[in-house]
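# Overview (structure and organization)
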Amino acid sequence: MKQPRRVAVTSPQTRVALAGRRSGAPAAPPHLAPADAERARRIHDRQLRYALTVLGLLGALLLGLPLVLAALPALDTVRLAGIPVSWLAVAVLPFPLMALLAGWQLRKAERVERSWPDRRRAPR
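An unreviewed UniProt entry annotates the protein as Solute:sodium symporter small subunit of Pseudonocardia cypriaca.

Laid out in structure tokens, this is it:
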């Protein structure tokens with residue numbers, strides 16, 4: 001009995017890149033229609049704006065937290081489970097906040113992509 005042939009499924013960009021590697025010729029990226037290129041540029045710009053906002057908030061968190069703790073030295077004397085609150089604030093607090101920032105940025109980026117209609121898809 002003959003086994004069915006296995007087929008690798010890849011995106012068009014991967015096929016172009018792999019074909020260029022096999023033939024030795026540089027692969028040209030697929031070109032977009034002017035309307036699609038403009039749509040992609042606008043989506044990219046809005047997503048970049050959200051990413052830079054999150055990066056600024058992350059910088060404020062990571063640089064601002066030590067400044068706040070330096071301004072409030074009394075937090076060194078307050079203990080929670082025998083550990084100074086200032087240590088907990090530096091060791092534990094940033095990570096959930098970074099995860100929340102990442103989730104917020106991801107939701108905003110996906111919302112931007114969904115908000116621009118795709119002309120290639122049939123309307124529902």
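### Details of the overall build of the protein
Along the protein, the regular secondary structure elements total 4 helices and 2 strands. Beginning at the N terminus, the succession of helices and strands in the protein can be written as α-α-β-β-α-α. Taking all 124 residues of the protein together, the buried fraction comes to 16%. Of the contacts formed within the protein by residues at least 6 apart in sequence, a portion of 67% connects residues at least 24 apart.

### A few points about unusual backbone geometry
Even without a glycine there, the phi angle at A81 is positive, about 60 degrees. Residue placement: A81 occurs in the loop between strand 1 (79-80) and strand 2 (83-84). On the basis of relative accessible area, A81 is assigned to the exposed category, the value being 77%.

### Topic: the UniProt feature "transmembrane region" (unreviewed entry) in the protein
When the UniProt feature table is mapped onto this chain, "transmembrane region" (unreviewed entry) is found at residues 50-72 and 84-104. Here residues 50-72 runs as 96% helix and 0% strand, with 32 Å between its end C-alpha atoms. Taken end to end, residues 84-104 has its terminal C-alpha atoms 30 Å apart, with 86% of it in helix and 5% in strand.

### Points about the packing of aromatic side chains
The tally for this structure, following the rule as stated, stands at 1 aromatic pair. Ring centres of Y50 and W104 lie 6.3 Å apart, and the angle between their planes is 80 degrees; on these two criteria the pair is classed as edge-to-face. Taken together, the positions of Y50 in helix 2 (residues 34-71) and W104 in helix 4 (residues 94-115) put the pair 54 residues apart, joining distant regions of the chain.

### Concerning the side chain of S86
One can find S86 in helix 3 (residues 85-91). One polar contact links S86 to D76, side chain to side chain, over a distance of 2.5 Å.

### Some details on the pattern of salt bridges
By the definition in use, this model includes 3 salt bridges. One salt bridge connects R41 with D45, and the closest N-O pair in it is separated by 2.7 Å. Here R41 and its partner D45 are both found in helix 2, 4 residues apart, which amounts to about one turn of the helix.

### Topic: the environment of I43
Inspection of the secondary structure puts I43 in helix 2. Given a relative accessible area of 9%, I43 falls into the buried group. Distance from I43 to W116, taken between C-alpha atoms, is 7.8 Å for residues 73 residues apart in sequence. Contact partners of I43, with chain neighbours within four places excluded, come to V112, E113 and W116.

### Structural notes on the environment of W87
Its location among the elements puts W87 in helix 3. Of the residues examined, W87 reaches a relative accessible area of 59% and is grouped as exposed. Separated by 18 residues in the primary sequence, W87 and L69 have C-alpha atoms spaced 9.3 Å apart.

### Here we look at helix 2
Helix length check: helix 2 (38 residues) gives 54 Å between terminal C-alpha atoms against 56 Å at 1.5 Å per residue, within 8%. Of all the bends in helix 2, the largest measures some 30 degrees and sits at G64, one to four residues before the proline P66. Contacts from the buried residues of helix 2 go to helix 3 and helix 4.

Here is what the cut-offs are and how they apply
Residues numbered from 1 in each chain as written. Predicted model: local features only at pLDDT ≥ 70, side-chain atom pairs only at ≥ 80, totals over all residues. Heavy atoms only, no water. Helix = DSSP H or I, 4+ residues; strand = E, 2+ residues; numbered from the N terminus. Buried < 20%, exposed > 50% of the residue type's maximum accessible area, 1.4 Å probe, protein only. Contact = heavy atoms within 4.5 Å. UniProt positions renumbered as here; feature names shortened; annotations may be inferred. Phe/Tyr/Trp six-rings, centres within 6.5 Å; stacked < 30°, edge-to-face > 60°. Polar contact = N/O pair within 3.5 Å; in protein donor to acceptor, adjacent residues only side chain to side chain. Salt bridge = Lys/Arg side-chain N within 4 Å of Asp/Glu carboxyl O. Expected span 1.5 Å × (residues − 1). Bend = angle between axes of the 7 residues up to and from the residue.

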